Amino acid sequence: MPRRSEGASHGDGTARAASAARDVVELLEVLWSQGADTAVTAPLSPSQLRVLYVLERAEVVNLRTLAGELGSTAPSVSRMCDRLHAVGYIERAHNPADRRELELRLSRHGSTYLARVRARREEALARAVSRMSVRDRAALARGLEALRSAARETRDGAGLGSAASEPA
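Residues numbered from 1 in each chain as written. Predicted model: local features only at pLDDT ≥ 70, side-chain atom pairs only at ≥ 80, totals over all residues. Heavy atoms only, no water.

**Considering a nonpolar patch on the surface**
Here's step 1: On the surface, Leu140, Leu144 and Leu147 cluster together to form a nonpolar patch covering roughly 240 Å² of accessible area.
Here's step 2: Structurally, Leu147 is set in helix α6 (residues 134–158). (Patch = residues over 30% accessible without salt bridge, like charges linked within 9 Å, V, L, I, M, F, W, Y side chains within 5 Å. Areas by Shrake-Rupley, 256 points an atom, 1.4 Å probe, with all protein chains shown as cover. Salt bridge = Lys/Arg side-chain N within 4 Å of Asp/Glu carboxyl O. Helix = DSSP H or I, 4+ residues; strand = E, 2+ residues; numbered from the N terminus.)

Take a look at the structure:
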């Protein structure tokens, strides 16, 4: 039985659309976490994957900025980055202007990892989308593009943290 949205009750379909989007996100989380060959992100946790997304988008970032993007504390982000550095997914270097500050960037190995995760996820999604009519696929693409744009505006304008749902 589908859950009802406990949030807004807009008469314009906002609550219905938000509920449907939430259901899809939850379905995808289950798919990704089930370890299906097409979606598995092992050996990384979702939080570690978010770090890679932020570093990819920012190119170079310091620990304090990364912690702010993730909505987390510097010590916990530092430990996460230690693990990501140990497996070769990120690079660390001292800032030439301030040797006390570390600069973090995605490594080539990290970029390759993200590309593989995205390709597997896209394959899994393409199988599902291929079962839709051409018209529904076009509507889905338009709707998702609009949702992505609105989510970015909300995040950027309201300071709602990082782009955790922004893998692409």
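**Quick look at the nonpolar core**
Here's step 1: Membership of the largest hydrophobic core comes to 22 residues, with the highest contact counts inside it found for Val51, Leu52, Leu66 and Tyr113.
Here's step 2: The greatest single-element share of this core, amounting to six residues, is contributed by helix α2 (residues 46–58). (Core = buried A, V, L, I, M, F, W, Y, C linked by side-chain atoms within 4.5 Å. Buried < 20%, exposed > 50% of the residue type's maximum accessible area, 1.4 Å probe, protein only.)

**What to know about the sheet that holds strand β1 (residues 61–62)**
Here's step 1: A sheet is described by the order of its strands in space; here three strands give the open sequence β1-β3-β2, paired in antiparallel fashion. Pairing within the sheet leaves two strands with one partner each, and these edge strands are β1 and β2 (90–95).
Here's step 2: Bridge count for β2 against strand β3 (residues 98–106) is six bridges, and the pairing is antiparallel. Each residue of the ladder has a partner; that of Glu91, found in β3, is Arg105.
Here's step 3: Contacts between α2 and the sheet are confined to β1, β2 and β3, with β3 contributing the most and set at about 100° to the helix. (Pairing = 2+ DSSP bridges. Contact = heavy atoms within 4.5 Å. Axes fitted to C-alpha atoms, helices over the stretch in contact; angles between N-to-C directions.)

**Considerations on unusual backbone geometry**
Here's step 1: Phi is positive for Glu59, close to 70°, though the residue is something other than glycine.
Here's step 2: Along the polypeptide, Glu59 turns up in the loop between α2 and β1.

**A few points about α2**
Here's step 1: The end-to-end C-alpha separation of α2 is 18 Å, in line with the 18 Å expected for 13 residues at 1.5 Å each.
Here's step 2: By the burial criterion, the buried members of α2 are Gln48, Leu49, Val51, Leu52, Tyr53, Val54 and Leu55.
Here's step 3: Looking at the buried side of α2, the elements it contacts are β1, α3 (63–70), α4 (74–86), β2, β3 and α5 (108–129).
Here's step 4: A positive phi of about 70° marks Glu59, the residue just after α2. (Expected span 1.5 Å × (residues − 1).)

**Observations regarding the packing of α2 against α5**
Here's step 1: Taken N-terminus to C-terminus, the directions of α2 and α5 make an angle of 110°; their axes are 11 Å apart at the nearest point. Taken together, the axes of α2 and α5 lie roughly perpendicular to each other. Considering how the two elements wind past one another, α2 and α5 form a crossing that is left-handed. Here α2 contributes Leu49, Leu52, Tyr53 and Glu56 to the contact with α5, which in turn contributes Tyr113, Leu114, Arg118 and Arg121.
Here's step 2: When the residues that make up the contact of α2 with α5 are grouped by side-chain class, the tally is five nonpolar, no polar and three charged. (Parallel < 35°, antiparallel > 145°, perpendicular 65-115°, else oblique. Left-handed = near helix turned anticlockwise from the far one by under 90°. Nonpolar A, V, L, I, M, F, W, Y, C, P; charged D, E, K, R; others polar.)

**Observations regarding the pattern of salt bridges**
Here's step 1: Counting across every chain of the model gives six salt bridges.
Here's step 2: Taking the shortest distance from any N to any O, the salt bridge between Asp23 and Arg22 comes out at 2.7 Å.
Here's step 3: Residue Glu26 is joined to Arg22 by a salt bridge in which the shortest nitrogen-to-oxygen separation is 3.5 Å. Of this pair, Glu26 and Arg22 both sit in helix α1 (residues 14–33), four residues apart, which is roughly one turn of that helix.

**Digging into α3**
Here's step 1: The complete set of buried residues in α3 reads Leu66, Ala67 and Leu70. The buried side chains of α3 occupy one side of the element, clustering within an arc of 100° when seen end-on. Looking at α3, the residues exposed on the side facing more than 90 degrees away from the buried face are Arg64 and Gly68.
Here's step 2: Those residues of α3 hidden inside the fold are in contact with α2, β1, α4 and β3.
Here's step 3: At the N-terminal boundary of α3, the capping side chain belongs to Asn62, with an oxygen 3.2 Å from the backbone nitrogen of Arg64.
Here's step 4: Following α3 by one or two positions, Gly71 adopts a phi angle in the positive range, close to 65°. (Arc of directions from axis to C-beta. Polar contact = N/O pair within 3.5 Å; in protein donor to acceptor, adjacent residues only side chain to side chain.)

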